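Fold and contact review
So the chains spell out like this:
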Amino acid sequence: MRLGAGTFAACCVAIEVLGVAIFLRGFFPAPVRSSSTTEHRAESPAPEPSAGASSNWTKLPPPLFGKVVIMLIDALRDDFVFGSKGVKFMPYVTYLVERGASHSFVAEAKPPTVTMPRIKALMTGSIPGFVDVIRNLNSPVLLEDNVLRQAKAAGKRVIFYGDETWVKLFPKHFVEYDGTTSFFVSDYTEVDNNVTRHLEKVLKREDWDLLILHYLGLDHIGHLSGPNSPLIGQKLSEMDGVLMKIHMALLSKEKEALLPSLLVLCGDHGMSETGSHGASSTEEVNTALVLISSAFERKPDPGFEQFKMSERLHGNWIKRYLEENSSEVLLNLGSKVLRQYLDALQTLSLSLSRQVVQYDIYSMAVGATLVLEVLALLLLSIPKALSPAAELDVPLSSPLFSLLFYLTILVLSAIHVVVCTSTESTCYFCSMPWLAAGGAMLLMSALLCAIVSALTKTVVSAKRVGKNPAPPSVRWSELDLLILLGTMGHILSLGASSFIEEEHQTWYFLVSTLCLALCQEVCRNHFLGSDGDPQCGLREEPGPEGAMLTMQDGAEGCAALEEDRTRAAASAFERLGSMEQRMVLASPWAVLCCCRLLRALNQTGVQGAHRPDLGHWLTSSDHKAALSVLAALSLLAVFLLVQRRCSPMSKVALALGLLGVYCYRAAIGNVMSPWQRGNNDISKGIVEARFVYVFVFGILFTGTKDLLRSQVAAIAIKARTVGLWEIYSGLVLLAALLLRPHNLPVLVSSLLVQTLMAKFVWKPLNHGVAEVTVMHYWFGQAFFYFQGNSNNIATVDVSAGFVGLERYVEVPAVFLTAFATYVGPVLWASHLVNYLSSESSSHSALRHACFCYALICSIPVSAYIILVTSLRYHLFIWSVFSPKLLYEGMHLFVTAAICVFFTAMDQTRLTKP
């Protein structure tokens, strides 16, 4: 069966997505869980006490508190309570911490610092797995032992108001509850009022033992405007008043109660300097914990006294050491100090929750095998995939009659049986149905046979070429070498945690070096012409009757190809006017300057994230006018850059949509507008955002209609070109809606760079499809970081997933968040399709581009899987390497969607009659 290179690449990436999914499931194993069922708790019965002795070890200790209230404020950073903000906005809490009957702590939340894993940690005393960052969007029922399960088993009546994540985790534990969605981050008022409105009645009642309140407004304000927003102080004052109300109500009833009450003020995680959370920075992991009760007296804790005793003994040892150099007393005292410290460490260790995490090596091996087999098959298919026909022979029937195929299945089945019957821990791949596991093993066997077949053909072809007395001579151009060395350098950098944290610097360096290389190439072709040194490499050049030459064999072919290319470049320059020639010379420098300016907009990574940048300056309340002007000018520039190839109807829709984008940002208070009179006019912007969505869908529908019409109409090529550009325009409009206002210059710069490169670099220099594809990929990665993203989960803009939504809807929220995060790679890939469809005369250009794009994305994913497996016990595995693994998995999924789009466009492409 013959497949186009694009279709083959899309299938390979789809298999890679399956392999990465299996690998992720093994790399992020389910945590070891305890059980509270009676069969696990009922061990051997208590022995009968001997005569004259008594034993009470089976009796439960008496309760210390009558009623318990847990007030959890989402994203309550420690300095919001114990810092200057706490002193200013939370005076009652400050009084309790300094003079009241309370114990206060700075609690440390382990990454991932998102809500659902932190709730599990609070209720179970264990550290949830890192994969819970994904489950946070749709919380499963908590099956392991927890406080609420024990409370319910003891007959305690639990009431809950707040984040509905609790209801999903504990669906049958509350006698009364009222949940609010935690993902609609635009709302920070009603989401808390819905909790507070129940307090007055509940605090007067006696039919409850445990009251849990989860307030979300502070976290939502952080996502919208950051920790320095004036709304933070207002929300902290509101929470201080709520806590005072609860504390006074509890104190008023303690006179009649037999036991004192306990009020717990805590946070599930902190808040980064950008207002997000999810990673392991100090601001995200440090949160306040205050225990308030009249039972607490002002006396040190026993653990603190033990620590102070160790310090005093250590001080005595130092004093004696200074007085006399050595003695028996000094040696004995030193041993005592050492034992005291060790005892303190042991006590602290016993007080901490321990969790043993075991990697699912078998599932990791299966997923890694699939990914590596696909990569090997892609590498071996390069000659055929980049040939003029861009087609490959994919044998479907030969594996069924291959001995290697059946032997491989037999070996894999034996391994599967042995592993699944002997392993002590739970294995995900073993828990899969035999039909699914067998399908995966069949797929691995088929891929192995395909690799052996391709390798055999490659060896046979090499032997035939070896018999030729004039062996081929292949010379790489400077740009080809830069692409190869840049790709390899980026892959090698993934093995270091510092390079992963600062990966944006790698891409900034690569695109800057690429711009300099293009400057050199432009100057050489313009000034030297045919006097330049001949270059030859892996290019795609138009030949007779539409044939394509991808590699020149022999010195004569290399020289001929370079001579033709130099002549074509020189003639292209001659056809340009003087102004256009200047633009060709200036464009690479303009792109270089544009990329340098964008680096100052958003500081990202770890080392420079705290440094001031233009984005922080624009988003501050004092510079709202400047942000408004910049947003308006950016939206105008977007229209001017995009409308040039749209149909008249799409131009009108694009203009109205961009106007709606500004109205939406004005409605939620990000920018100013003439019709806005004050903060009272600020709303959620639901109507304005949906107004923009109508035009987005309208433009996408018009583009899709033009593509379908191109299959039957006489003006097929023109309709297809317009349809592709309108789909691209719809994606640009959606990006303008989802990006923050200060990031609109990033969108404008992306469009400007695409225009300059397409008109004044790629076309005049006659670059091949492979080179253009890699350059699109590099710029897409660079613009991913230009908008402020990083390999840190906290940089994901969650609020983008709820633009225009009144409540949390999982599928649209996930799609919008993913699109807003990967808007750079998506727009550059979409522009690549438009450029090749309009500029390239080759019928196989899209196939070559799809294959190159799949290959350039598969290499780092495969390499990183090997690296992260070898570094799975690294100190920074959960804080650095694991988030990057999630980003790579999501990027591969986006790449699969892009390859499907490439393939679909290749199927609808029509050749000229």
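Since we're looking at a predicted model, the values are computed, not measured.

Reading guide: rules and limits
- Residues numbered from 1 in each chain as written.
- Predicted model: local features only at pLDDT ≥ 70, side-chain atom pairs only at ≥ 80, totals over all residues.
- Heavy atoms only, no water.
- Helix = DSSP H or I, 4+ residues; strand = E, 2+ residues; numbered from the N terminus.
- Buried < 20%, exposed > 50% of the residue type's maximum accessible area, 1.4 Å probe, protein only.
- Contact = heavy atoms within 4.5 Å.
- Salt bridge = Lys/Arg side-chain N within 4 Å of Asp/Glu carboxyl O.
- Disulfide = S-S within 2.5 Å.

1. Comments concerning the overall build of the protein chain
Helix and strand counts for the protein chain stand at 37 helices and 11 strands. Taken across its 913 residues, the protein chain has 51% of its residues classed as buried. A fraction of 77% describes how many contacts in the protein chain between residues 6 or more apart in sequence connect residues 24 or more apart.

2. Quick word on the pattern of salt bridges
A side chain with one charge can pair with a side chain of the opposite charge if their charged atoms come near. According to the stated counting rule, one finds 20 salt bridges in the structure shown. The residue Asp393 makes a salt bridge to Arg2 at a minimum N-O spacing of 2.7 Å. Pair noted here: Asp393 is in strand β9 (residues 391-393) and Arg2 is in strand β1 (residues 2-4), with a separation of 391 residues, a long-range link. One salt-bridge network, in which partners are shared between bridges, spans Arg2, Glu391, Asp393 and Arg847.

3. Section: the state of the cysteines
The tally for this structure, following the rule as stated, stands at one disulfide. A sulfur-sulfur separation of 2.0 Å characterises the disulfide bridge that pairs Cys420 with Cys430. Across the disulfide from Cys420 to Cys430, rotation about the S-S bond amounts to roughly -85°, and the bridge is consequently left-handed. Here Cys430 lies in helix α20 (residues 428-431) and Cys420 lies in helix α19 (residues 403-422), a separation of 10 residues in the sequence.

4. Quick notes on unusual backbone geometry
A cis geometry characterises the amide bond from Pro111 onward to Pro112, with omega recorded as 5°. Counting through the fold element by element, Pro112 comes out in the loop between β3 (102-108) and α6 (115-124). Despite not being glycine, Ala390 shows a phi value in the positive range, around 55°. On the secondary structure map, Ala390 appears in the loop between α18 (382-385) and β9. Relative accessible area serves as the criterion here: at 0%, Ala390 is assigned to the buried category. A positive phi is found at Asn766, a non-glycine position, where the angle reads about 60°. Structurally, Asn766 is set in the loop between α32 (744-765) and α33 (769-786).

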